[in-house]
Each structure stands twice: as C-alpha cells, then as structure tokens.
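Letter by letter, the chains look like this.
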Amino acid sequence: MSLANVEAGGIDRWLRRGIALVCAVLLLAMMGLTIADVLGRYLFNSPVPGASELTELILAAVIFTGLPAASLDGDHISVDIVAEKLHGLPAVLLSRLVALVSAGVLAMVSWRLWIIGDQIASYNGITPTLKLPLAPLGYLVSVLSMIAALICLADIFRRKDIG
C-alpha cells in the first residue's frame with residue numbers, strides 16, 4: 001500500500017497536481033520544440049539551433065520530476081515474488097522495509113547527483129550549442145530525487161496497514 005492508497009490529503013493532492021502540471025508544461029514545450037525543429041528542418045532547411053540539447057535537458061527534467069509522483073503513487077518497479085505470499089504483520093514489515101530501502105537508495109542517488117552538479121559547476125560545464133549551464137540541472141534532479149526519497153520515508157509512517 002502506498003500513499004496513493006491513503007486518502008488523499010490536501011498536500012498530497014496539491015503535490016500530485018503540481019507535478020502533473022510541471023510535467024505537462026515540460027512535455028508540451030518538448031513537443032512544440034520538436035515540431036518546430038522538424039518543420040524548420042524539412043520545410044525551410046533551417047532547424048532550431050540547439051533543439052536536440054534542449055530536448056535532452058527537458059527530458060531529464062520530465063523524468064526526474066515524475067520521480068516524486070512515482071513515489072507518491074507507489075509506482076516504482078517491484079518484484080512481488082515474496083510479498084504476494086506474505087500476509088499480516090510480515091507483509092506489513094516487508095512493505096515498510098522496501099520503502100525504507102527505496103528511500104535510502106533515492107537519498108544516495110540524490111547525494112551523488114548533487115556531487116556531480118558540483119563537479120559540473122566547478123568547470124563551468126555548458127551545452128555545446130546554446131552554452132546553457134548544466135550544473136543547475138544536476139542540482140534540480142538531485143533535489144527531485146531527495147523529494148522522492150522523503151516521500152518513500154513518509155510512506156512508512158503514513159500507511160493504513162499499521163499492525
């Protein structure tokens with residue numbers, strides 16, 4: 001059972017809506033950029049400069065923005081070979097252990113992404129065509145990963161299946 005199975009409180013609902021809105025805007029921007037680039041390339045022989053690098057940056061933002069949503073909804077990939085055979089307290093404990101391990105892994109990913117952001121910032125890493133700084137994206141995906149970790153951690157304490 002994930003936070004999605006807990007009655008959606010105010011903050012959960014607003015967080016889901018906010019994530020959905022941000023992802024929708026980013027996907028719409030990526031779609032518009034791709035259409036403009038394709039039309040420009042094939043109709044006017046003039047593609048949008050830096051379209052591929054902008055698409056890559058937006059795609060990374062979409063993926064990591066969706067990570068907290070996946071944590072909220074309990075949609076991370078899982079294998080239920082053991083869990084489906086357990087019932088009662090063992091099932092509850094296993095489910096909470098998985099949430100704790102997930103939170104730990106996401107926190108480690110967040111920490112490493114922050115370090116990578118620092119490394120990129122130290123040499124002023126930029127995109128090749130548009131010369132956009134890359135470090136802010138590293139920090140953004142780190143923060144989004146940490147939010148996902150905190151959601152997994154909160155999921156341990158907010159379940160209805162408390163033994």
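Criteria and thresholds
Residues numbered from 1 in each chain as written. Predicted model: local features only at pLDDT ≥ 70, side-chain atom pairs only at ≥ 80, totals over all residues. Heavy atoms only, no water. Helix = DSSP H or I, 4+ residues; strand = E, 2+ residues; numbered from the N terminus. Buried < 20%, exposed > 50% of the residue type's maximum accessible area, 1.4 Å probe, protein only. Areas by Shrake-Rupley, 256 points an atom, 1.4 Å probe, with all protein chains shown as cover. Patch = residues over 30% accessible without salt bridge, like charges linked within 9 Å, V, L, I, M, F, W, Y side chains within 5 Å. Salt bridge = Lys/Arg side-chain N within 4 Å of Asp/Glu carboxyl O. Polar contact = N/O pair within 3.5 Å; in protein donor to acceptor, adjacent residues only side chain to side chain. pLDDT = per-residue confidence, 0-100. Contact = heavy atoms within 4.5 Å. Expected span 1.5 Å × (residues − 1). Phe/Tyr/Trp six-rings, centres within 6.5 Å; stacked < 30°, edge-to-face > 60°. Lys NZ or Arg CZ within 6 Å of the ring centre and 35° of its normal.

1. Re the overall build of the chain
Thought 1: When helices and strands are tallied, the chain shows four helices and zero strands.
Thought 2: Starting at the N terminus, the α and β elements of the chain follow one another as α-α-α-α.
Thought 3: The burial tally for the chain puts 31% of its 163 residues in the buried class.
Thought 4: Total accessible area computed for the chain in this model is approximately 10,100 Å², and 72% of it derives from carbon and sulfur atoms.

2. A closer look at a nonpolar patch on the surface
Thought 1: A surface patch of nonpolar side chains, about 800 Å² in accessible area, is lined by Leu97, Leu100, Val101, Val105, Val109, Met146, Leu150, Leu153 and Phe157.
Thought 2: Of all the secondary-structure elements, those providing two or more residues to the nonpolar patch are α3 (89–122) and α4 (135–157).
Thought 3: If you tally residues by element for the nonpolar patch, the top one is α3, at five residues.
Thought 4: Locating Leu97 in the fold gives a position in helix α3.
Thought 5: Judged by its relative accessible area of 47%, Leu97 falls in the partly exposed class.

3. Topic: the environment of Ser122
Thought 1: Within the secondary structure, Ser122 sits in helix α3.
Thought 2: You can call Ser122 exposed: its relative accessible area is 62%.
Thought 3: Taking the C-alpha atoms as reference, Ser122 lies 8.8 Å from Ala135; in sequence the two are 13 residues apart.
Thought 4: Among the polar contacts listed, one links the side chain of Ser122 to the backbone oxygen of Gln119, at a separation of 2.6 Å.

4. Details of the confidence of the model for the chain
Thought 1: The predicted model of the chain averages 86 in pLDDT, with 87% of residues at 70 or higher.
Thought 2: Ranking the elements of the chain by mean pLDDT puts α3 last with 91 and α4 first with 93.
Thought 3: This stretch, residues 1–7, has a pLDDT under 50; its non-local contacts, to residues over four places away or in other chains, come to 22 contacts.

5. Concerning helix α1 (residues 10–44)
Thought 1: Here α1 contains 35 residues, and its C-alpha end-to-end distance of 49 Å stays within 8% of the 51 Å for a straight helix at 1.5 Å per residue.
Thought 2: Within the sequence span of α1, burial applies to Asp12, Ile19, Cys23, Leu26, Met30, Leu33, Asp37 and Gly40.
Thought 3: Packed against the buried residues of α1 are α2 (51–73).
Thought 4: Asn45 sits one or two residues past α1 and shows a positive phi near 55 degrees.

6. A few points about the packing of aromatic side chains
Thought 1: Applying the stated criterion across every chain, the model contains one aromatic pair.
Thought 2: Note that Arg17 overlies the ring of Trp14, its terminal NZ or CZ placed 5.6 Å from the centroid.

7. Here's the deal with α4
Thought 1: In this model, α4 (23 residues) spans 34 Å end to end at C-alpha, consistent with the 33 Å of a helix rising 1.5 Å per residue.
Thought 2: Within the span of α4, buried status applies to Ala135, Gly138, Val141, Ser142, Leu144, Ser145, Ala148, Ala149, Ile151, Cys152, Asp155 and Ile156.
Thought 3: Each element contacted by the buried residues of α4 is listed here: α1, α2 and α3.

8. Some remarks on unusual backbone geometry
Thought 1: Unusually for a residue other than glycine, Asn45 sits at a positive phi of about 55 degrees.
Thought 2: In this structure, Asn45 sits in the loop between α1 and α2.
Thought 3: One non-glycine residue, Lys131, adopts positive backbone phi at about 60 degrees.
Thought 4: Checked against the element boundaries, Lys131 lands in the loop between α3 and α4.

9. Points about the environment of Val38
Thought 1: As for its placement among the helices and strands, Val38 is situated in helix α1.
Thought 2: Judged by its relative accessible area of 39%, Val38 falls in the partly exposed class.
Thought 3: Sequence separation between Val38 and Ala51 is 13 residues, and the spatial gap between their C-alpha atoms is 9.8 Å.

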